[in-house]
Amino acid sequence: MQFPRGLLPLPEKAAQGLFAVPVNGRHGMGGVFTRWLTDLNARAAEFTPADIPTLASVTLDLLASVIARCLEAEEALTPETRKTALRVQINAFVEEHLADPAMTPQAIADAHHISLRHLQQLLAADGTSPAAWIRHRRLERCRLDLVNPRLQARPVQAIAARWGFTDPANFSRLFRAAYGLPPRDYRHLPTEACVNLQHSCAD
(Lines give C-alpha, C1' and ligand atoms only; values in the text may rest on other atoms or scores of the structure.)
Protein backbone atom coordinates (compact mmCIF):
# COMPACT_ATOMS: atom_id res chain seq x y z
CA MET A 1 0.00 0.00 0.00
CA GLN A 2 1.12 3.55 -0.69
CA PHE A 3 -0.08 6.85 0.72
CA PRO A 4 1.13 10.45 1.13
CA ARG A 5 3.37 10.59 4.19
CA GLY A 6 1.49 13.60 5.51
CA LEU A 7 -1.67 11.49 6.00
CA LEU A 8 -0.05 9.22 8.60
CA PRO A 9 -1.36 10.31 12.04
CA LEU A 10 2.14 10.22 13.55
CA PRO A 11 4.92 12.81 13.63
CA GLU A 12 7.24 12.22 10.66
CA LYS A 13 10.29 11.87 12.91
CA ALA A 14 8.58 9.12 14.89
CA ALA A 15 8.36 6.87 11.84
CA GLN A 16 11.86 7.48 10.50
CA GLY A 17 13.36 4.97 12.93
CA LEU A 18 11.55 2.14 11.16
CA PHE A 19 12.85 2.66 7.63
CA ALA A 20 13.82 -0.75 6.17
CA VAL A 21 12.93 -2.48 9.45
CA PRO A 22 10.79 -5.66 9.04
CA VAL A 23 7.52 -5.74 10.99
CA ASN A 24 5.99 -9.05 12.08
CA GLY A 25 2.70 -9.48 10.24
CA ARG A 26 1.62 -12.59 12.12
CA HIS A 27 1.31 -11.44 15.71
CA GLY A 28 0.00 -8.49 17.69
CA MET A 29 -1.00 -5.32 15.88
CA GLY A 30 1.00 -6.44 12.83
CA GLY A 31 -1.22 -9.51 12.62
CA VAL A 32 -4.36 -7.40 12.99
CA PHE A 33 -3.16 -5.08 10.22
CA THR A 34 -2.34 -8.02 7.94
CA ARG A 35 -5.80 -9.53 8.40
CA TRP A 36 -7.40 -6.13 7.74
CA LEU A 37 -5.52 -5.68 4.44
CA THR A 38 -6.22 -9.27 3.39
CA ASP A 39 -9.94 -8.89 4.07
CA LEU A 40 -9.99 -5.50 2.38
CA ASN A 41 -8.50 -7.01 -0.77
CA ALA A 42 -10.78 -10.07 -0.74
CA ARG A 43 -13.93 -7.94 -0.38
CA ALA A 44 -12.91 -5.05 -2.62
CA ALA A 45 -15.84 -5.63 -5.00
CA GLU A 46 -18.33 -5.03 -2.15
CA PHE A 47 -17.28 -1.43 -1.54
CA THR A 48 -18.46 1.74 -3.24
CA PRO A 49 -16.60 5.04 -3.81
CA ALA A 50 -18.46 6.43 -0.79
CA ASP A 51 -16.70 3.84 1.42
CA ILE A 52 -13.19 4.93 0.40
CA PRO A 53 -12.67 7.75 2.96
CA THR A 54 -13.70 5.52 5.86
CA LEU A 55 -11.60 2.57 4.68
CA ALA A 56 -8.59 4.80 4.12
CA SER A 57 -8.94 6.36 7.56
CA VAL A 58 -9.17 2.99 9.34
CA THR A 59 -6.23 1.63 7.32
CA LEU A 60 -4.00 4.57 8.23
CA ASP A 61 -5.02 4.43 11.88
CA LEU A 62 -4.12 0.75 12.04
CA LEU A 63 -0.79 1.31 10.30
CA ALA A 64 0.01 4.14 12.70
CA SER A 65 -0.76 1.81 15.62
CA VAL A 66 1.59 -0.85 14.21
CA ILE A 67 4.38 1.70 13.82
CA ALA A 68 3.77 3.23 17.23
CA ARG A 69 3.81 -0.20 18.88
CA CYS A 70 7.14 -1.01 17.24
CA LEU A 71 8.57 2.31 18.45
CA GLU A 72 6.83 2.13 21.84
CA ALA A 73 5.38 5.52 20.95
CA GLU A 74 1.64 4.97 21.43
CA GLU A 75 1.42 8.29 23.27
CA ALA A 76 2.08 10.02 19.92
CA LEU A 77 -1.19 8.67 18.50
CA THR A 78 -4.39 10.68 18.60
CA PRO A 79 -7.18 9.32 20.85
CA GLU A 80 -9.31 8.60 17.76
CA THR A 81 -6.51 6.57 16.14
CA ARG A 82 -6.02 4.52 19.30
CA LYS A 83 -9.77 3.94 19.52
CA THR A 84 -10.04 2.78 15.90
CA ALA A 85 -7.12 0.38 16.31
CA LEU A 86 -8.57 -1.04 19.51
CA ARG A 87 -11.97 -1.65 17.89
CA VAL A 88 -10.40 -3.51 14.98
CA GLN A 89 -8.29 -5.52 17.42
CA ILE A 90 -11.41 -6.46 19.41
CA ASN A 91 -13.29 -7.47 16.25
CA ALA A 92 -10.41 -9.74 15.24
CA PHE A 93 -10.34 -11.29 18.71
CA VAL A 94 -14.08 -11.97 18.62
CA GLU A 95 -13.83 -13.64 15.20
CA GLU A 96 -10.99 -15.87 16.42
CA HIS A 97 -12.86 -17.01 19.54
CA LEU A 98 -16.45 -17.37 18.30
CA ALA A 99 -16.32 -21.14 18.81
CA ASP A 100 -15.41 -20.76 22.49
CA PRO A 101 -18.53 -20.72 24.69
CA ALA A 102 -16.42 -19.10 27.41
CA MET A 103 -15.95 -15.94 25.34
CA THR A 104 -17.96 -13.33 27.19
CA PRO A 105 -17.90 -9.52 27.15
CA GLN A 106 -15.83 -9.60 30.34
CA ALA A 107 -13.35 -12.05 28.77
CA ILE A 108 -12.97 -9.72 25.78
CA ALA A 109 -12.39 -6.73 28.04
CA ASP A 110 -9.84 -8.63 30.12
CA ALA A 111 -7.95 -9.80 27.01
CA HIS A 112 -7.53 -6.18 25.90
CA HIS A 113 -6.79 -4.77 29.37
CA ILE A 114 -9.79 -2.47 29.41
CA SER A 115 -12.85 -2.25 31.63
CA LEU A 116 -16.17 -3.79 30.63
CA ARG A 117 -17.65 -0.29 30.61
CA HIS A 118 -14.99 0.89 28.16
CA LEU A 119 -15.79 -2.06 25.88
CA GLN A 120 -19.49 -1.24 26.06
CA GLN A 121 -18.80 2.39 25.13
CA LEU A 122 -16.68 1.37 22.14
CA LEU A 123 -19.42 -0.82 20.68
CA ALA A 124 -22.18 1.62 21.57
CA ALA A 125 -20.68 3.89 18.89
CA ASP A 126 -21.74 1.21 16.38
CA GLY A 127 -25.20 0.94 17.89
CA THR A 128 -24.64 -2.45 19.52
CA SER A 129 -23.44 -4.08 22.73
CA PRO A 130 -20.70 -6.67 23.35
CA ALA A 131 -23.21 -9.47 24.00
CA ALA A 132 -25.31 -8.57 20.94
CA TRP A 133 -22.21 -8.40 18.73
CA ILE A 134 -20.98 -11.83 19.85
CA ARG A 135 -24.45 -13.30 19.32
CA HIS A 136 -24.78 -11.73 15.86
CA ARG A 137 -21.42 -13.05 14.67
CA ARG A 138 -22.10 -16.56 16.03
CA LEU A 139 -25.52 -16.67 14.38
CA GLU A 140 -24.01 -15.56 11.09
CA ARG A 141 -21.41 -18.35 11.26
CA CYS A 142 -24.22 -20.84 11.95
CA ARG A 143 -26.23 -19.47 9.04
CA LEU A 144 -23.29 -19.92 6.67
CA ASP A 145 -22.74 -23.50 7.87
CA LEU A 146 -26.43 -24.34 7.43
CA VAL A 147 -26.38 -23.36 3.75
CA ASN A 148 -22.99 -24.96 3.08
CA PRO A 149 -23.63 -28.03 0.85
CA ARG A 150 -20.61 -29.80 2.32
CA LEU A 151 -22.18 -29.66 5.80
CA GLN A 152 -25.66 -30.93 4.90
CA ALA A 153 -25.10 -34.14 6.86
CA ARG A 154 -24.06 -32.30 10.01
CA PRO A 155 -26.92 -31.97 12.54
CA VAL A 156 -28.21 -28.48 13.29
CA GLN A 157 -27.39 -29.01 16.97
CA ALA A 158 -23.77 -29.81 16.10
CA ILE A 159 -23.47 -26.64 14.02
CA ALA A 160 -24.91 -24.58 16.87
CA ALA A 161 -22.53 -26.15 19.38
CA ARG A 162 -19.58 -25.53 17.06
CA TRP A 163 -20.19 -21.80 17.34
CA GLY A 164 -20.77 -21.58 21.06
CA PHE A 165 -24.53 -22.23 21.39
CA THR A 166 -24.87 -24.89 24.06
CA ASP A 167 -28.67 -24.73 24.43
CA PRO A 168 -30.46 -26.00 21.26
CA ALA A 169 -33.82 -24.47 22.16
CA ASN A 170 -32.29 -21.08 22.85
CA PHE A 171 -30.31 -21.26 19.60
CA SER A 172 -33.46 -22.01 17.62
CA ARG A 173 -35.25 -19.01 19.18
CA LEU A 174 -32.34 -16.66 18.51
CA PHE A 175 -31.92 -17.88 14.93
CA ARG A 176 -35.60 -17.45 14.16
CA ALA A 177 -35.60 -13.95 15.63
CA ALA A 178 -32.60 -13.02 13.46
CA TYR A 179 -33.55 -14.67 10.16
CA GLY A 180 -37.31 -15.22 10.34
CA LEU A 181 -37.22 -19.03 10.18
CA PRO A 182 -36.13 -21.91 12.43
CA PRO A 183 -32.65 -23.19 11.49
CA ARG A 184 -33.99 -26.50 10.12
CA ASP A 185 -36.35 -24.70 7.75
CA TYR A 186 -33.73 -22.15 6.74
CA ARG A 187 -31.34 -24.96 5.80
CA HIS A 188 -33.73 -26.25 3.12
CA LEU A 189 -34.43 -22.90 1.45
CA PRO A 190 -33.21 -22.42 -2.14
CA THR A 191 -29.96 -20.42 -2.29
CA GLU A 192 -31.66 -17.38 -3.82
CA ALA A 193 -34.25 -17.31 -1.05
CA CYS A 194 -31.50 -17.44 1.59
CA VAL A 195 -29.76 -14.45 0.01
CA ASN A 196 -32.98 -12.44 -0.17
CA LEU A 197 -33.86 -13.28 3.41
CA GLN A 198 -30.38 -12.33 4.59
CA HIS A 199 -30.64 -8.96 2.88
CA SER A 200 -34.08 -8.25 4.31
CA CYS A 201 -32.81 -9.04 7.82
CA ALA A 202 -29.79 -6.77 7.30
CA ASP A 203 -32.07 -3.93 6.18
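Since the model is a prediction, treat every value here as computed from it, not as a measurement.

Student: Quick rundown of the overall build of the protein chain? Include the residues and the values.
Tutor: When its secondary structure is counted, the protein chain shows 11 helices and 0 strands. For the protein chain, the proportion of its 203 residues judged to be buried stands at 33%. Looking at the protein chain alone, contacts between residues at least 24 apart form 57% of all its contacts between residues at least 6 apart. Carbon and sulfur atoms make up 55% of the accessible area of the protein chain, which totals about 12300 Å².

Student: I'd like a rundown of helix α2 (residues 28-42), residues and numbers included.
Tutor: In a regular helix each residue adds 1.5 Å, so 15 residues correspond to 21 Å; α2 covers 21 Å between its end C-alpha atoms and thus fits that length. By the burial criterion, the buried members of α2 are Met29, Gly30, Gly31, Val32 and Phe33.

Student: An account of the packing of aromatic side chains is requested, with residue identities and associated values reported.
Tutor: Per the counting criterion, the structure on display carries 5 aromatic pairs. Taking 5.1 Å as the distance between ring centres and 45° as the angle between the ring planes, the aromatic pair formed by phenylalanine 165 and phenylalanine 171 counts as tilted. Considered together, phenylalanine 165 and phenylalanine 171 belong to a single accessibility category, that of buried residues. Judged by centre distance (5.4 Å) and plane angle (80°), the ring pair of phenylalanine 175 and tyrosine 186 falls under edge-to-face. Remark: tyrosine 186 occurs in helix α10 (residues 183-187) and phenylalanine 175 occurs in helix α9 (residues 168-179); sequence separation between them is 11 residues. Overall, the relative accessible area of 0% leaves phenylalanine 175 in the buried class. Take tyrosine 186: its relative accessible area is 0%, and that puts it in the buried class. Ring-pair connections join several aromatic residues into one group, and the members of that group are Phe165, Phe171, Phe175, Tyr179 and Tyr186.

Student: Which residues make up helix α6 (residues 116-124), and what values go with them?
Tutor: Every α-helix carries 3.6 residues per turn, so stepping three or four residues along brings you back to the same face. Along α6, the residues classified as buried are Leu119, Leu122 and Leu123. Angular distribution of buried residues about the axis of α6 spans 90°; they occupy a single face of the element.

Student: Go over the layout of surface pockets, please, and point to the residues and values.
Tutor: Volume-wise, the largest pocket comes out at about 1200 Å³. Contributing elements (two or more residues each) for the lining of the largest pocket: α2, α3 (52-71), α4 (79-96) and α7 (130-146). Here the element with the most residues in the lining of the largest pocket is α4; it accounts for 7 residues.

Student: How would you explain the side chain of threonine 59 if you had to name every residue and give the values?
Tutor: Structurally, the position occupied by threonine 59 is in helix α3. Accessibility expressed as a relative area gives 6% for threonine 59, which makes it buried. Of note is the side chain of threonine 59, whose polar atom sits 2.9 Å from the side chain of tryptophan 36.

Student: For the nonpolar core, give the residues involved together with the corresponding values.
Tutor: If you look at the biggest cluster of nonpolar residues, it comprises 25 residues, and the most contacted ones within it are Ile90, Met103, Ile108, Ile114, Leu119, Phe171 and Phe175. Listing elements by their share of this core, those giving two or more residues are α4, α5 (105-111), α6, α7, α8 (156-162) and α9. Among all residues touching isoleucine 108, those that are not within four sequence positions of it are Ile90, Phe93, Val94, Met103, Leu119 and Ile134. In this structure, Val32, Phe33, Val58 and Leu62 belong to the second largest nonpolar core, which totals 10 residues.

Cut-offs applied
- Residues numbered from 1 in each chain as written.
- Predicted model: local features only at pLDDT ≥ 70, side-chain atom pairs only at ≥ 80, totals over all residues.
- Heavy atoms only, no water.
- Helix = DSSP H or I, 4+ residues; strand = E, 2+ residues; numbered from the N terminus.
- Buried < 20%, exposed > 50% of the residue type's maximum accessible area, 1.4 Å probe, protein only.
- Contact = heavy atoms within 4.5 Å.
- Areas by Shrake-Rupley, 256 points an atom, 1.4 Å probe, with all protein chains shown as cover.
- Expected span 1.5 Å × (residues − 1).
- Phe/Tyr/Trp six-rings, centres within 6.5 Å; stacked < 30°, edge-to-face > 60°.
- Arc of directions from axis to C-beta.
- 1 Å grid on protein atoms, 1.4 Å probe; cavity = no way out; pocket = protein on both sides within 12 Å on 5 of 7 lines; lining within 4 Å.
- Points joined across faces, edges and corners; volume = space filled by probe spheres on them.
- Polar contact = N/O pair within 3.5 Å; in protein donor to acceptor, adjacent residues only side chain to side chain.
- Core = buried A, V, L, I, M, F, W, Y, C linked by side-chain atoms within 4.5 Å.

Honestly, that's just the spatial picture; any functional story needs more than this.
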